[in-house]
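# Examination of the molecular architecture
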Amino acid sequence: LEDDEMNTCDIQIFYKEEPENQNLSQNSCSSAEAPHTYSPLKPRNYQLELALPAQKGKNTIICAPTGCGKTFVSLLICEHHLKKFPQGQKGKVVFFAIQLPVYEQQKSVFAKHFERLGYKVAGISGATSDTVCVEQIVENNDIIILTPQILVNCLADGTIPSLSVFTLMIFDECHNTSKQHPYNVIMFNYLDKKLGGSSDPLPQVIGLTASVGVGDAKNKAEATEHICKLCASLDASAIATVRDNLEELEEAVYKPQKFFRKVELRTADRFKCIMSQLMMETESLVKRVLEEPGNLFQIQNRNFGTQKYEQWIVQVQKECAVFQMPDKDKESRICKALFLYMSHLRIYNDALIINEHARMKDALDYLKDFFRNIRAAGFDEIEQDLTQRFEEKLQELESISTDPSNENPKLRDLCFILQEEYHLNPETRTILFVKTRALVDALKKWIEENPKLSFLKPSVLTGRGKTNQTIGMTLPAQKCVLDTFRSDKDNKILITTSVADEGIDIAQCNLVVLYEYVGNVIKMIQTRGRGRARGSKCFLLTANADLIDKEKMNMYKEEMMNAAILILQTWDEAVFKEKIHQIQIREKIIRANQEKPEPVLDKKTKKLLCKKCKAFACYTADIRMVEKCHFTVVGEAFRERFVSKLHPTPKSFGNIEKRAKIYCARPDCSHDWGILVKYKAFEMPFIKIGSFVVEDIATGVQTLRAQWKDFNFEKIPFDAAEMSHGAQD
Ligand SMILES: [Zn+2]
């Protein structure tokens, strides 16, 4: 299950018409990545209106709906800025993008627009930053597109001595300028200079966003305060919104009509009863093994079949991994038993969530798949016992799941909405959001096997992130699905988990269904034809009345935000600037008080133990750091402690060639430890710290680290000379 418990629900969906002059000769894959933002055509009036304060040289936050062409507005501003310099002087623009697809898109749009005007455009993203000289690229180009962390790093290590090298900075999605976000770190540098009275010129600052937000504001005054704080962070003295050309804007960007549907749960759920019983049994096995269960079982409200329960499992697994006993063999046995019990509980919990939102059959298939895989691998005593306990209940589960009276009423509602919408308009195209990947698969099967809906021919799109059980889709695979959805008219529905945070434009559709979907949805949907966009609808289907209330709250917050902006726009500019200045001083003092001392390096040698079976793996003194972010272990002894299997997706990145995966050498453990790579002339393991438990030799205290950067030991850089005796490839 991929989502943490999120208690926000924020639906914002916008429709933009696809331009009719779309270049049809484009090959299908580039149509997704070089969208229709670039056009040397004349700007719309509202775009000119939005650009005006920035063109007058003011630091400005431009707030306008997704899809209205803010990129084009930033091109206008940028062009005006570069052209205003007299002979002999030059401007230099930096454009920040947070997400990789947005970065790629901006780079291509800016290059097309400015290279024909004789300006040089270049980009540096996290993927390219190691192999290029940032300083030179900044020096030699007029417009530089960056992911912000790169500039943060360059300012920290002095590669770029000062922000004064730039004359204009543009922050895309500028509402992120808060807390420790790289945007804010850049602005801390800027504000320290400004407030410190530096005589170096500072660049003009422009922020682009669809929504400045209101934070936790409960009234207009608090909303105004929140927006002022964002303005202070970006040193903005103006907020540009469309006011004179609203009608033209509303013609270009539509908001869909929203509907809320409260759906019912099953009245009786035998499947849930049986699985809950199985979970209770498994929990008591855990308690028996632990002898002293401690506080682990005292976490409140961990009901079966909830995301809270999932979090409890993660918590217990963490604590089990550092569980210690004087008898090491016993400790190893107990740790492994706990590991197995907890992974089974996780699967049962997943199955309950599938059962709640989809068919029992889908939940049962999920379980049967899991047990089939268990049999195919190690299949030790504990696994055999758990499998037998499941199989004792299997027949009853089978017969319940095929009983038509156990149909999920939620699916009946979903089916009803879909049927009705396709009856009203057979050309409807739908996007359906659900919260987990397992549910994506379950709903796809349900639609395909439902004679009333099978005409929809569903396709699926999932996020790029990795979870415990599954690997996400790659960016090209995502683009391919979207291309097919765009071009294949038979393919009427796309089922997806959240891809909102990944900067992906969703293809044409006019019906959006959020099915028990919790979380943020800010979507841009392209549609062809004005009528379709105008008739577009968005349904929120949920059994949880709170969710509907939350969404209504968000609609109210949006009204507050718009009202607060209107108020701020009436303020006298000098008064506003003074207010911003006061906030900046206050925030600087808070920052100064919060600065933490450098963490103290822990030089004591520690052991790394396998997180699953607690077998000794290596000492921290044998660990070497490769290219600042990878970690290997030197010495022949370590090679005895792991086994390797050829990697299913061998790949090269830079000097590193991924060859195999490595596992704990204990045959009854086989825990995933990392990968085996070829680096320069050497074959070496790269281990991930998340697979191990760290034990302090002196005290015996065990701790866990999720990432190497959280592990504060003496990180010795890899030295090829040290390796030259042995281990040569
Ligand atoms: Zn192990």
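In what follows, the structure referred to is the one given above.
In this report, we go over the structure that sits alongside the text. The residue count restarts for each chain, going from 1 along the sequence in the order it is written. For this predicted model, a pLDDT threshold of at least 70 governs which residues receive local features, and a threshold of 80 or more governs which side-chain atom pairs are given and counted, while totals over whole chains, interfaces and linings are taken from all residues. To obtain the side-chain values, all non-hydrogen atoms of the structure were included, while hydrogens and water were left out.

## Notes on the packing of helix α3 (residues 70-83) against helix α4 (residues 100-115)
This is how it is decided: Fitting a line to C-alpha atoms yields each axis, with helices limited to the stretch in contact; the angle taken between N-to-C directions then spans 0 to 180 degrees. Here a strand is any run of E in DSSP of at least two residues, a helix any run of H or I of at least four, and the numbering for each starts at the N terminus. Should an angle fall under 35 degrees it is called roughly parallel, over 145 degrees roughly antiparallel, and 65 to 115 degrees roughly perpendicular, with every other angle called oblique. Two helices that cross are described as forming a left-handed crossing if the nearer one is turned anticlockwise from the farther one by less than a right angle, and a right-handed crossing if clockwise. Two residues form a contact once any of their heavy atoms are found within 4.5 Å. When residue character is reported, Ala, Val, Leu, Ile, Met, Phe, Trp, Tyr, Cys and Pro are called nonpolar, Asp, Glu, Lys and Arg charged, and the others, Gly included, polar.
For the pair α3 and α4, the least separation of the axes is 11 Å and the interaxial angle reads 45°. Taken together, α3 and α4 sit at an angle that is classed as oblique. Two packed elements cross with a definite hand, and for α3 against α4 that hand is right-handed. On the side of α3, the interface is formed by Thr71, Ser74, Leu75, Cys78, Glu79 and Leu82, while α4 contributes Gln106, Val109, Phe110, His113 and Phe114. Grouping the constituent residues of the contact of α3 with α4 by class yields six nonpolar, four polar and one charged.

## Considerations on the coordination of the zinc ion
We count it as follows: We call an atom a donor if it is N, O or S and sits within 2.8 Å of the metal, or 3.2 Å for Na, K and Ca. Water is not counted, so some sites may look partial. For a four-donor site, all angles between 85 and 135 degrees give tetrahedral; for four or six donors, opposite pairs above 155 degrees with the remaining angles between 65 and 115 give square planar or octahedral; all remaining cases count as irregular. Relative accessibility decides the category of a residue: with a 1.4 Å probe and only protein chains considered, values under 20% of the type maximum give buried, values over 50% give exposed, and everything between is partly exposed.
Here the zinc ion is held by Cys610 (SG), Cys613 (SG), Cys664 (SG) and Cys669 (SG), and the distances to it run 2.3 to 2.4 Å. One can describe the donor arrangement at the zinc ion as tetrahedral, given that its four donor atoms subtend angles of 106 to 118° at the metal. Mapping the donors of the zinc ion onto the primary sequence yields the spacing C-x2-C-x50-C-x4-C. According to the relative accessible area criterion, Cys669 is buried, its value standing at 4%.

## Quick notes on α3
Spelled out, the test is: The length a helix should cover is 1.5 Å for every residue beyond the first.
When the terminal C-alpha atoms of α3 are compared, their 20 Å separation across 14 residues agrees well with the 20 Å that a helix rising 1.5 Å per residue should span. Of all 14 residues in α3, twelve are buried, a share of seventy percent or more. Three or more residues of α3 are buried, namely Lys70, Thr71, Phe72, Val73, Ser74, Leu75, Leu76, Ile77, Cys78, Glu79, His81 and Leu82.

## Notes on the packing of aromatic side chains
So the rule is basically this: Pairing of aromatic rings covers Phe, Tyr and the six-membered ring of Trp, with a centre-to-centre limit of 6.5 Å; geometry is then stacked below 30 degrees between planes, edge-to-face above 60, and tilted otherwise.
Counted according to the given criterion, the structure contains 26 aromatic pairs. Here Phe95 and Phe110 contribute two aromatic rings whose centre-to-centre distance is 5.2 Å and whose plane-to-plane angle is 55°, an arrangement assigned as tilted. Of the two residues, Phe95 is situated in strand β3 (residues 93-96) and Phe110 in helix α4; the sequence distance between them amounts to 15 residues. Per residue, the accessibility class of Phe95 equals that of Phe110, and both read buried. Taken together, a centroid distance of 4.9 Å and an interplanar angle of 20° make the contact between Phe259 and Phe539 stacked. Residue Phe259 is located in strand β10 (residues 257-262), and its partner Phe539 is located in strand β16 (residues 537-542); the two are separated by 280 residues in the primary sequence. When its relative accessible area of 28% is taken as the criterion, Phe259 is described as partly exposed. According to the relative accessible area criterion, Phe539 is buried, its value standing at 4%.

## Details of the nonpolar core
This is how the line gets drawn: The definition of a nonpolar core used throughout is a set of buried Ala, Val, Leu, Ile, Met, Phe, Trp, Tyr and Cys residues joined through side-chain atoms within 4.5 Å.
Membership of the largest hydrophobic core comes to 69 residues, with the highest contact counts inside it found for Phe271 and Leu432. At 13 residues, helix α12 (residues 328-357) tops the list of elements feeding residues into this core. Apart from residues no more than four positions distant in its own chain, Leu432 is found in contact with Leu414, Leu443, Ile493, Leu494, Ile495, Thr496, Val513 and Tyr515. Core analysis: the next-biggest nonpolar cluster, separate from the first, contains 48 residues, Ile137, Val138, Leu234 and Ala564 among them.

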